[in-house]
Amino acid sequence: MTTLAPPKRPEIKTALPGPKGAEVVAADQQYVTPSYPRPEYKLVADYAKGVWVTDVDGNTFLDCNAGVAVCSTGHCHPEVVRAISEQAARLIHICGTDFYYDLMPKLAEKFDKIVPIEGHTRTHFANSGTEAIESALKLAIYATGREKFIAFFNSFHGRTLGSLSLTSSKIAQRTGFKRQVLDVVHVPYPNIFRHPFTGEQSDAATVSRACLDWIENRLFKTTTPPEEVAGIVVECVQGEGGYVPAPREFLQGLRRICDEHGILLIVDEVQSGMGRTGKMFASEHYDLKPDIITIAKGIGSGLPIGVTVSRADLMDWKPGAHASTFGGNPVAIAAALKTIELLERELVANSAEVGAYLQEGLKKLLGKHDCIGDVRGLGMMIGVEFVTDKASMKADAELRDRVETACFERGLILLGCGFNTIRWSPPLILTREHVDVALEIFDEAVAASCS
């Protein structure tokens, strides 16, 4: 039986937010931390199913964000809900760092089979993407005896203090938190649309060569001896940085540099993994073999779980070196196992096929609207970059925000990323019929916002 969702259209019945939604927003503003980076529009969700979200006032939206690339199998997939319910009735928690249960090695064995790491692997379980990154950083220091890391401008790896040392996508994420906790140096990331050194459009070979040269012939020869670097941490597709795919030449160049200097290659697949790019992991598009890989977001279909998988020879740290009370929670693992089953059955393939259809439609809008500068991505991880006009290609963040809000007002949920990009990260159950509806709304929103 297919898991793909049937088509329909959004339905907006009230002002946004409606009266009930406004009450929730007011209460939130009074009692909840103001640090959450919410968009201008205000979605107050009540329930969701498949690709549809209904707010507390009865308005129904087509969701092309999936809770920021988390609800990979759609909202409340019946098979995932069943797996969660059955596990919750059996065992909710026992603390896998002290005791044993069969689900933990079962999921670790599954990762051993599907991750793009060469050879046997071991897995550490956590509760989020930032925790998975923290685990990777600690492991790299422990395994190499080194302390320095290299990360990239416009990267996002989390907001806890260790991962924040890597993150550099927005100044708001760092303001007020003083110096980096870890010794991290940031280097340019090879953006083909905006060459990191010139700002001009370029090609894969040129930007790759420039960024690799910066590491090898500037960084290693001035401030950062390669023999002191524990790891290079990279996203194959930058997420918060603007949904920017790296060129193959660049990622393979990083692998070479790591091999030459005994540096660990840590690939952050928190947002790009679990079928998001049309393959189980974005690394597979590049034949890239990480030493350590971090996974979260889409693995649990909405339940909090983070995973760090590494070469088995690296993860030989001693008992007590790193653990987590809630990491590898039985209910979260049950959701993850069912998620992987659904991804392998049909949703990775659907991400590739329908994602290509969505990108084709967006590229038609690129040709239609002078304010769309670029459309890029893999599978169902697609970025649309907004500019003042195609002649100057000047980034237009305010326009991006207007389009984002205009889409919401018409019943389409999207979020921005980077400085001036809208991300498309829909549930992987999205169909061509849903894409047609989404593109129609997006076209209208862009036309209304650019005029």
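These remarks concern the structure in this document. Source: prediction; values computed, not measured. (Residues numbered from 1 in each chain as written. Predicted model: local features only at pLDDT ≥ 70, side-chain atom pairs only at ≥ 80, totals over all residues. Heavy atoms only, no water.)

What about the sheet that holds strand 15 (residues 412-413)?
To be explicit about the condition: At least two bridges found by DSSP between two strands is the condition for calling them paired. Counting from the N terminus, the helices are DSSP H or I runs at least four residues long and the strands are E runs at least two residues long.
A sheet is described by the order of its strands in space; here four strands give the open sequence 1-2-3-15, paired in mixed fashion. Each edge of the open sheet carries a strand with a single partner, namely strand 1 (45-49) and strand 15.

A few points about the state of the cysteines
Here is the rule: Cysteine sulfur atoms are paired as a disulfide whenever they come within 2.5 Å of each other. We call a residue buried when its accessible area falls under 20% of the maximum for its residue type, exposed when it is over 50%, and partly exposed in between, using a 1.4 Å probe and counting protein chains only.
Tallying each qualifying case throughout the model produces one disulfide. Distance from the sulfur of Cys64, which forms no disulfide, to the nearest cysteine sulfur (Cys407) is 9.2 Å. Taking relative accessible area as the criterion, Cys64 reaches 0% and is therefore assigned buried. Left without a disulfide partner, Cys71 is nearest to the cysteine sulfur of Cys76, which lies 7.7 Å away. Classification of Cys71 by relative accessible area gives buried; the value is 11%.

Points about the packing of helix 10 (residues 397-409) against helix 11 (residues 432-450)
Filter applied, for reference: To define axes, lines are fitted to C-alpha atoms, for helices over the stretch in contact only, and angles between the resulting N-to-C directions are given on a 0 to 180 degree scale. An angle counts as roughly parallel when it lies under 35 degrees, as roughly antiparallel when it exceeds 145, as roughly perpendicular when it falls between 65 and 115, and as oblique in every other case. We call a crossing left-handed when the near helix sits turned anticlockwise from the far one by less than a right angle, and right-handed when that turn is clockwise. When checking whether two residues touch, look at their non-hydrogen atoms; a contact exists if any pair is within 4.5 Å. Each residue is assigned to one of three groups, with Ala, Val, Leu, Ile, Met, Phe, Trp, Tyr, Cys and Pro labelled nonpolar, Asp, Glu, Lys and Arg labelled charged, and all others, Gly among them, labelled polar.
One can describe the packing of helix 10 onto helix 11 by two numbers: an axis separation of 8 Å at closest approach and a directional angle of 135°. When the axis of helix 10 is compared with that of helix 11, the two are oblique. As helix 10 packs across helix 11, the resulting crossing turns out to be right-handed. Seen from helix 10, the contacting residues are Leu399, Arg402, Val403, Ala406 and Cys407; seen from helix 11, they are Ile441, Phe442, Ala445, Val446, Ser449 and Cys450. For the contact of helix 10 with helix 11, a count of residues per class yields nine nonpolar, one polar and one charged.

A word on the pattern of salt bridges
Applicable threshold: Salt bridge criterion: a side-chain nitrogen from Lys or Arg within 4 Å of a carboxyl oxygen from Asp or Glu.
Evaluation of the coordinates by the stated rule reveals 26 salt bridges. Between Glu109 and Lys113 there is a salt bridge, and its shortest N-O distance comes to 4.0 Å. Here Glu109 pairs with Lys113, and both are found in helix 4 (residues 103-114), just four residues apart, close to one helical turn. The class for Glu109 is partly exposed, based on a relative accessible area of 46%. Its salt-bridge partner being Glu444, residue Arg410 comes within 4.0 Å of it at the nearest N-O pair.

Overview of the sheet that holds strand 17 (residues 421-424)
Spatially, the four strands line up as an open sheet ordered 13-14-17-16, and their pairing is antiparallel. Because the sheet does not close on itself, it has two edges, and the strands there are strand 13 (372-378) and strand 16 (415-417). Averaged over all adjacent pairs, the angle separating strand axes in this sheet is 30°, with direction ignored. In this structure, strand 16 lies alongside strand 17, joined through three bridges in antiparallel fashion. Residue pairing in the sheet places Gly416 in a bridge with Ile422 of strand 17.

Details of the nonpolar core
To keep things clear, this is the line we draw: Nonpolar cores are built from buried Ala, Val, Leu, Ile, Met, Phe, Trp, Tyr and Cys residues. Side-chain atoms within 4.5 Å join them into one set.
Core analysis: the largest hydrophobic core is formed by 68 residues, its most contacted members being Phe111, Ile295, Leu362, Phe386, Leu412, Trp424 and Phe442. When residues of this core are assigned to their parent elements, the largest contribution, 17 residues, is made by helix 9 (residues 330-368). Non-local contacts of Leu362, meaning those with residues more than four positions away in its chain, are made with Val375, Ile382, Val384, Trp424, Leu439 and Phe442. Counting 31 residues, the second-largest nonpolar core is a separate cluster that includes Ile150, Val229, Val237 and Ala282.

A closer look at the side chain of Thr308
Here Thr308 lies in strand 12 (residues 306-311). A relative accessible area of 1% places Thr308 in the buried class. The contacts of Thr308, once residues within four sequence positions are left out, are Arg122, Thr123, His124, Ala132, Ser135, Ala136, Ile292, Ile293, Thr294 and Met315.

Remarks on unusual backbone geometry
Each neighbour pair has its own omega, and for Leu16 with Pro17 the value is -5°, a cis peptide bond. The phi angle at Lys297 is positive, at roughly 35°, despite the residue not being glycine. Although it is not a glycine, Ser301 sits at a positive phi angle of roughly 55°. The residue Ser301 is located in the loop between strand 11 (292-295) and strand 12 in this model. In this structure Ser301 comes out as buried when scored by relative accessible area, which is 10%.

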